[in-house]
Each structure stands twice: as structure tokens, then as C-alpha cells.
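Chain and residue survey
If you want the building blocks of each chain, they are given just below.
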Protein chains: 2
Amino acid sequence: MRQVKVREILFGLLVVFAMCTAASQEALWSRPSLKSPEIHRDGSVTFRLYAPEANRVEVSGDFLMTGNPENQGAYVGEMTRNEDGVWEHTTPFALLSELYTYSFLVDGMRINDPSNAFVCRDVATLSSYFIIQGETGDLYSVADVPHGNIEKVWYASPSLNAVRRMSVYTPPGYRQGKDDYPVLYLLHGMGGDEEAWQTLGREAQILDNLIAAGKTRPMIVVMPNGNVSQQAAPGESSGGLAQPEFMLPRTMNGEMETSFMDIVTYVDSNYRTMQRKEGRAIAGLSMGGFHALHISKYYPELFDYVGLFSAAILPGGIGDDTLPIIYTDFEKKLAVQFLNAPKLYWIGIGREDFLYEVNKEFRTTLDGMGVKYVYRETEGGHTWRNWRIYLSAFVSSFFKELPGRDR
Amino acid sequence: MRQVKVREILFGLLVVFAMCTAASQEALWSRPSLKSPEIHRDGSVTFRLYAPEANRVEVSGDFLMTGNPENQGAYVGEMTRNEDGVWEHTTPFALLSELYTYSFLVDGMRINDPSNAFVCRDVATLSSYFIIQGETGDLYSVADVPHGNIEKVWYASPSLNAVRRMSVYTPPGYRQGKDDYPVLYLLHGMGGDEEAWQTLGREAQILDNLIAAGKTRPMIVVMPNGNVSQQAAPGESSGGLAQPEFMLPRTMNGEMETSFMDIVTYVDSNYRTMQRKEGRAIAGLSMGGFHALHISKYYPELFDYVGLFSAAILPGGIGDDTLPIIYTDFEKKLAVQFLNAPKLYWIGIGREDFLYEVNKEFRTTLDGMGVKYVYRETEGGHTWRNWRIYLSAFVSSFFKELPGRDR
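Okay, so let's go over this structure. Counting restarts for each chain, with residues numbered from 1 along the sequence as it is written. By the order in which they are written, chains take letters starting at A while ligands take numbers starting at 1. Residues qualify for local features only when their pLDDT is at least 70, as the model is predicted, and side-chain atom pairs are given and counted only at 80 or more; totals for whole chains, interfaces and linings, by contrast, use all residues. Side-chain measures were taken over the full set of non-hydrogen atoms in the model, leaving aside hydrogen atoms and water.

1. With respect to the side chain of Asn 209 of chain A
All names here are of chain A. Counted only if it meets this: Strands here are runs of E lasting at least two residues and helices are runs of H or I lasting at least four, both read from the DSSP assignment and numbered beginning at the N terminus. Exposure categories follow from relative accessible area, calculated using a 1.4 Å probe and restricted to protein chains: below 20% of the type maximum is buried, above 50% is exposed, and the middle band is partly exposed. Whether two residues are in contact is decided by their heavy atoms: any pair within 4.5 Å suffices.
Tracing the chain through its elements places Asn 209 in helix 4 (residues 203–212). For Asn 209, a relative accessible area of 11% puts it in the buried group. Those residues within four positions of Asn 209 in sequence are excluded, and the remaining contacts are Asp 138, Leu 139, Tyr 140, Ser 141, Ala 143 and Val 145.

2. Description of unusual backbone geometry
Residue and element names in this part refer to chain A. Omega for the bond connecting Ser 36 with Pro 37 falls within 30 degrees of zero, at -5 degrees, which places this linkage in the cis form. Along the polypeptide, Pro 37 turns up in the loop between helix 2 (25–30) and strand 1 (38–39). The residue Asn 161 is not glycine, and still its phi comes out positive at about 50 degrees. Counting through the fold element by element, Asn 161 comes out in the loop between strand 11 (149–157) and strand 12 (162–170). On the accessibility criterion, Asn 161 (72% relative accessible area) is exposed.

3. With respect to the packing of aromatic side chains
In this description, a pair of aromatic rings is defined by centroid distance and the angle of the planes. Applicable threshold: Two aromatic rings, drawn from Phe, Tyr or Trp (for Trp, its six-membered ring), form a pair once their centres lie within 6.5 Å of each other, and the interplanar angle then sorts them: stacked below 30 degrees, edge-to-face above 60, tilted otherwise. Cation placement over rings: the criterion is NZ of Lys or CZ of Arg within 6 Å of the ring centroid and within 35° of the ring normal.
Scanning all chains against the criterion turns up 66 aromatic pairs over all chains. Ring geometry for Phe 47 of chain B versus Tyr 102 of chain B: centroids 4.8 Å apart, planes at 55 degrees, classification tilted. Of this pair, Phe 47 of chain B sits in strand 2 (residues 45–50) while Tyr 102 of chain B sits in strand 7 (residues 98–106), and the two are 55 residues apart along the sequence. Overall, Phe 47 of chain B belongs to the buried group, its relative accessible area being 0%. Members of the aromatic cluster, connected to one another through ring pairs, are Trp 197, Tyr 305, Phe 309, Trp 346, Trp 384, Trp 387, Tyr 390, Phe 394, Phe 398 and Phe 399 of chain A. Across from the ring centre of Tyr 174 of chain B, 4.4 Å away, lies the NZ or CZ of Arg 272 of chain B, which sits over that ring.

4. Concerning the interface of chain A and chain B
Using the following cut-off: Any carboxyl oxygen of Asp or Glu within 4 Å of a side-chain nitrogen of Lys or Arg constitutes a salt bridge here. In the scheme used here, Gly and all other residues not listed as nonpolar or charged are polar, with Ala, Val, Leu, Ile, Met, Phe, Trp, Tyr, Cys and Pro taken as nonpolar and Asp, Glu, Lys and Arg as charged. For two strands to count as paired, DSSP must find a minimum of two bridges between them.
If you look at the interface, chain A gives 92 residues, while chain B gives 92 residues. Where chain A packs against chain B, one counts two salt bridges. The shortest N-O distance in the salt bridge between Arg 175 of chain A and Glu 151 of chain B comes to 2.5 Å. By residue number, the principal contributor to the side of chain A that touches chain B is helix 1 (residues 6–22) of chain A, which donates 10 residues. Considered class by class, the residues forming the side of chain A that touches chain B number 53 nonpolar, 24 polar and 15 charged. Judged from the three bridges that link them, strand 11 of chain A and strand 11 (residues 149–157) of chain B form a sheet pairing that is antiparallel. Note on strand 11 of chain B: the bridge partner recorded for Glu 151 of chain A is Glu 151 of chain B.

5. Quick notes on helix 7 (residues 287–298) of chain A
All names here are of chain A. Rule in force here: For a helix, the expected span equals 1.5 Å multiplied by the residue count minus one.
Taking 1.5 Å as the rise per residue, helix 7 with 12 residues should run 16 Å; its terminal C-alpha atoms sit 16 Å apart, in good agreement. Counting buried positions along helix 7 yields 11 of 12 residues, so the element is predominantly enclosed. When we look at burial in helix 7, the residues that qualify are Met 287, Gly 288, Gly 289, Phe 290, His 291, Ala 292, Leu 293, His 294, Ile 295, Ser 296 and Lys 297.

6. Focus on the sheet that holds strand 6 (residues 86–90) of chain A
Residue and element names in this part refer to chain A. As summarised here, the arrangement of the four strands in space is 1-2-6-5, forming an open sheet in which the pairing is antiparallel. In this open sheet, the two strands that pair with only one neighbour each are strand 1 and strand 5 (80–81). Alignment of strand 5 against strand 6, held across two bridges, turns out to be antiparallel. Note on strand 6: the bridge partner recorded for Arg 81 is Trp 87.

7. Some points on the environment of Leu 105 of chain B
Relative to the helices and strands, Leu 105 of chain B is located in strand 7. Judged by its relative accessible area of 4%, Leu 105 of chain B falls in the buried class.

8. Quick word on the pairing of strand 6 (residues 86–90) of chain B
Of the strand pairs in this sheet, strand 2 of chain B and strand 6 of chain B are connected by five bridges, and their pairing is antiparallel. When the bridges of strand 6 of chain B are listed, Tyr 50 of chain B appears paired with Val 86 of chain B.

9. So, the relation of the copies chain A and chain B
The cut-off we apply is this: The copies are overlaid by a least-squares fit using only the C-alpha atoms of residues whose pLDDT is at least 70 in both copies.
With an axial shift of 0.0 Å and an RMSD of 0.0 Å, the rotation relating chain A to chain B amounts to 180 degrees. Those values place the two copies in the arrangement expected of a two-fold rotation axis. Distance from the rotation axis, computed per C-alpha, reaches its smallest value in chain A at Glu 151 of chain A: 2.1 Å. Most of the interface of chain A is mirrored in chain B, where 100% of its interface residues again form contacts.

Here it is, written out as C-alpha cells:
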């Protein structure tokens, strides 16, 4: 075999690569390679977009700036055009350490950043994202620590007559050891699915980092799909590539709650779990907080730790009257749950959250019952920023008294 | 607790949702909801984009049209603007059943489709995608059949002094049963990573569907990261959110090949595998084909099935001379491998592939040695379309004679 010309092959690969990514000759030769976002040492950020014929370009993101702790992240920055057709904007202040999402508005058209391969989906919307390192950003970043594994598994749900998908995080050391682990069931909000806590929720990064820091103990985290009309996240089921929808049928009508034992049964059968109350936690955001509230009182002996993150407190659900059992006798069932003495009942909400008032009423109810709970009030509203904070706080405050490895 | 106003809360959720996705008031009220892509019954497709002030908008995709089997998918369609600022284009012909990627060119700016939540990443480029159902498209779709699970696992690689990430597909029935399974090691190309075969490669869908149809037997598919300078895919390692790069150091210098037993050891220790030659296959695309070629001859007793998909045939690697052992004595090592009589040595390449000639020379070498192999030549070039076809053909032609369930 004759000497193969290495350089020719490598050049060929490069050309094929360039052709594929450019998708047309025109774009291939006209598009400069841009660095966007560029995070500066001082914490300010520069955004860049090649849009040679645009009239007006803005960058829009949920940024928190230094010296302005009250801002809620509705930042819009005007971009200016240079001679090469590249629009640019640098934030006038440093951004606080966080994970931020952003997009560009080009003459009224909203797009994500073509120079940034990192996007996350929230319901049907893709947004570009970046992280400002520091205390908070580091917690949401993949660090040089032992990592848990993520599994996307299909389980049978006889109650729903369906095969459904969930995400399962197993902590570092799970494969190598033989111990049983506690389990956190972590539920998403409306329009979300079994992917949500993995992407914008940064569940794996938060758990990896808190476990490595000794701030929580290793646990299994189960993230099911809370939309019983779905088998799985959009694109992952036999429903095909139908676009994700925010409001789905059968989400808060009792079916998720009354079929929940199918999930627990699968997890306890397929993972090394502590199969008792003090080894189980349940938490959820918004609609998932609603689910966690009702599931934990429907099965009062199942969970010792309950977390309601910006929970949609709807004592009566929103179903028709065909599945009422889960929602009847709200306070009576709560009383039974608290007679079973859960070790932690945790409520978190932002001061600007539109669900603030119903959460306040719920706390009044709990106070009237004379039961104990932990309450955390934060800045801001109904946002992933708050839900990441609540998850971090919640997992740092439970399972500690369980037997197991000292950390 | 007073009666909670369900409608108010639901309205609140909707408003928050709309605010989040729109990211600005302007976009919230000005952007119409568009259906794009819209796949018509006759197989033609309409694309839509809201870009009220754009001057020229094109849709660019890798489409194959009915009646034109020679076209290689460099389709560009002019979009026309209607009075609402929406640009639209309908393909003049039906598209053949396939998975297609596309993007929009707006006055020279390349973007993915803001109305389509389904994107896949190829190196640093995100493209929108859709599927035209039919024989080929169905094979790449999630169907109503039993599904395998996907695991993202971290394993120790002592040879590389690193902890690294891989994707593992376990077939339907794996969790429920006790059988040992054969394993396919499936390698990505340059610029790819452990996610590539899961996204554009449609590995899980192809395996689920072929297993359900009885066209291949249940197997474990292991998809490692072939870039030894990386721990994991971009964004999934402690390297942070550095943008993905096409050419990385140390990709074809022998380190992937000589550290490969770390992967096999992990898989054989953590999964129920048939730990023998007839239970192991290895295949890869482009650079991954190069890796599969060299790994399989370096360990001539390890694999009974070898697949080279558009392989970069570089007998000497591209490393410096510090790790030559893997690449020396090319033909001699090949001869040893064939003395060990692999059951299948499979080569696939497209007629337009820039690697066609080196593959032809390689076949001449094999012919000169008088060894047997299976050769599949297709239309087209160095594309995921071909690699999906090769994977489907390859897995349909091995492991059949192994003992196990009849299908």
C-alpha cells in the first residue's frame, strides 16, 4: 500500500467539516468566527453576532449585575455594529456569579447565539447559556470531583397502562459499592419533563459538588415525567417530533399522584435503595411542588422529607370530579401526614412570585395546625435561579442522620 | 383556608411562561406562533420564519427529493415574505424518507429555526432537524416498541490517568433478565464525542427498532469518547463551557487505541457481557473507523466483528514517533488479526467520500492478502446519513449465531 498522504486526508476532513457546519458556500466564506459570549476577568460579558444587514440588534438576558441585588434579570442591551457586520455589546457592569440564559433580538426576530453551542430548552424555547464562575456558578459547573451517573430508563406504569421514561442520578461510588442509598424524588413544573432538572436545574452538578464538599450525603435522585399524558420528553416518545407544549391534559387531576407508587416500585426494585420513610424525600417546583404536596400527604408513611419549591398550592387540583380522592379532605390528610412526623417539611418561594400569596395562605393553614416546617423566602420570582437555590438548600438539610459513611 | 382561585393561578403560570420564553415584552407581543417545519402529506415541507425587516431569507438543508436519487442534499430554497413579516418556503418536491437537518440564512446570518425545539449539535454547530416518516425515517424515530436505556457513566482510565465519560445503551429486557449480552463498541468521528451516536447517529432508535423487528439481537452498545485529551463532551467536563473544537490534540496518535482495554474492563466489570471474542464488535465512523481498524488489529483476539464506516485509513497515524507500536507493521498485524479469523470485517463508504480512494487502496491490500471482508458502497459522501445506514446494516449482520433467545 502506498504511502498515504496524511495532510490531504486531514485537509479533506476539515473541508467536509466546514461544508457541513456552514451548510452553504455563501455562509462558509462570509461568516467570521466570533467569540460570544466572552466573559471578562472583571465579570462583564461581551456578546457578538454577525448580522451584516440588520438594523437593530439587542441582547436580552436574565442577568444580575453587581451592586444591584434587586434587579430581576430583565436586562436588554443595545448592540452596536462594527465595519465587518458584527454587532457587539459589553455589559456595563459585572454579572454576579450565576448561570444565565440569553438571546438576541434581531429586528424583532428572537434567536439564540449562533456562536454558542450551549443551549438549554425550557418547554419549546431554546436559549443560549453561560456561567459566571464564583460561589454560585461553581456549584452549577462540572468540577474536578467524583461524578454521579445519569440514566434514562423506561419503566412500566401499570396504573397508567403505559411505559414511561425517567432520569435517574446515581451518586459517585454507587457502582463500586454495595450500600443502600436514600432517594430523592425530584419533580418538574408545567411544560417540563424528565429532562428539565438535568438541564436548567443542574441537578447532577449541584449533587456532585455538594457531595464532594461534604454538604450532603450521596443519594439517588429520581426525576420522573410528571405529565401523565406523555410517555417521555418531546422527541423521546412515539409521539414523534411534535413541538413541546406548556399546558398538557391530565397534569393536575390526580393521576400523577395516584400512579406514583409505580415509580417508587420500579426504583426500589432496580436500585439499591433504603426502602423506608427516613430514606425517602420528595420535592418539586411549581406544578411539581403541587405534586409533591399531594403525593406526600396521600402516602403519609412514604416520605420523611418534603420540599415545595414555588409550589402551585391548589388544594382541589384542577381535574374534573372523577378522581377526587387525592384532593378531598385537604387539611385532614395534612394532619395525618404530620401525625406521621416527617423530619422536614420545607417551603421555598420568591417574594416576587405570583404564587407568593397562595403559599402564604398555606403557611397560615400549617401554622393554624401547629405543625413545624422550614420556610425560605428569596428575592425574585418564578425562576430556575430560585429552584436551583432551593434544591441546593433542601438537599443540604436532610438524610444527615441516616447511618452510613461519615463525610 | 379560603377557596383558591384556580384560574388566576393558571393564568399566572401562563404569563410567567410567556415572559420567560419571549425574554422581552417586545418579542412577547410581536412574535406570531409559527408552524415550522410543516410536513405535508405528500412529503413536501413548508418552512416559516418571522423576520419582518429582513431583505433575503433562504432555507438550507441536506434534503433528498423524490425522483432525484443523485442529489446530495445541498438544497437551498428562497423564502418569500408575506404581509405579516413571515417568510415562507415550500419545497417543490417531496422529500424522501429520512432525518434532515436545516438552517435559515437571514441576510447572510445563519440561524436554526426558532419555531423548532428539536436541534442537534455537530461539533460546534446546532442545526434544526425533522424526520420524514417512511421506511428510513421510521427506523430513526422513537416507535411504540420496547426501549433500551441510555446511561451516561464515568469510568476510570488508568492508562490515561483520567476519569472519563461514556454513553452506554442497554437493550430492552436487560434490567429484567439475567442473560449475558454481546457488546458493540461504537466510535465517533473527529470533533465528535460520547454524545454523537446518540444524537445525529440515532443509535438508540435504530437498535430499538431493529431488535423489535427481529433484525438484530439485543446487545449492549458502548459509545466512548475518542478524544483522549477530553474527559467528556463539551460542557460535561471540568473544562467548563469552552466551545467545541473540531481538531483536538492526541486524537490519532495511538493513545485511544492503547488505552482501550480500560473501557473494555469497565464494561465487562459493570454490565452482564459475553466476555469473549464472538460476543464483541467494534465499529466507528471516519476517525472512529481509524480507531476501530487499529484497535481491532492491536487486540487480534478481542473482536469477532469489525465495522469501518467511511474510515480514515491512515496506516501510520498522525502522532509523533513516541507511540509508534500501535501503527508499526501494519500489514503484518492485519495478517495476525485475520489468522484469528474474525467472523465479519465490514467496510462501508460513499462514492463521493473524499476518503473513497484510501479505502479503495485498503481493499486492494486486503485483497492482496486474500482475506474476506464485506464491502458496502453507497451514494453520497462523508455524512451522518451514510453512517446511520452503515450502523443499521452492520448490526443486522452479526451476533446472529450466538446462543440466546430466538427472535
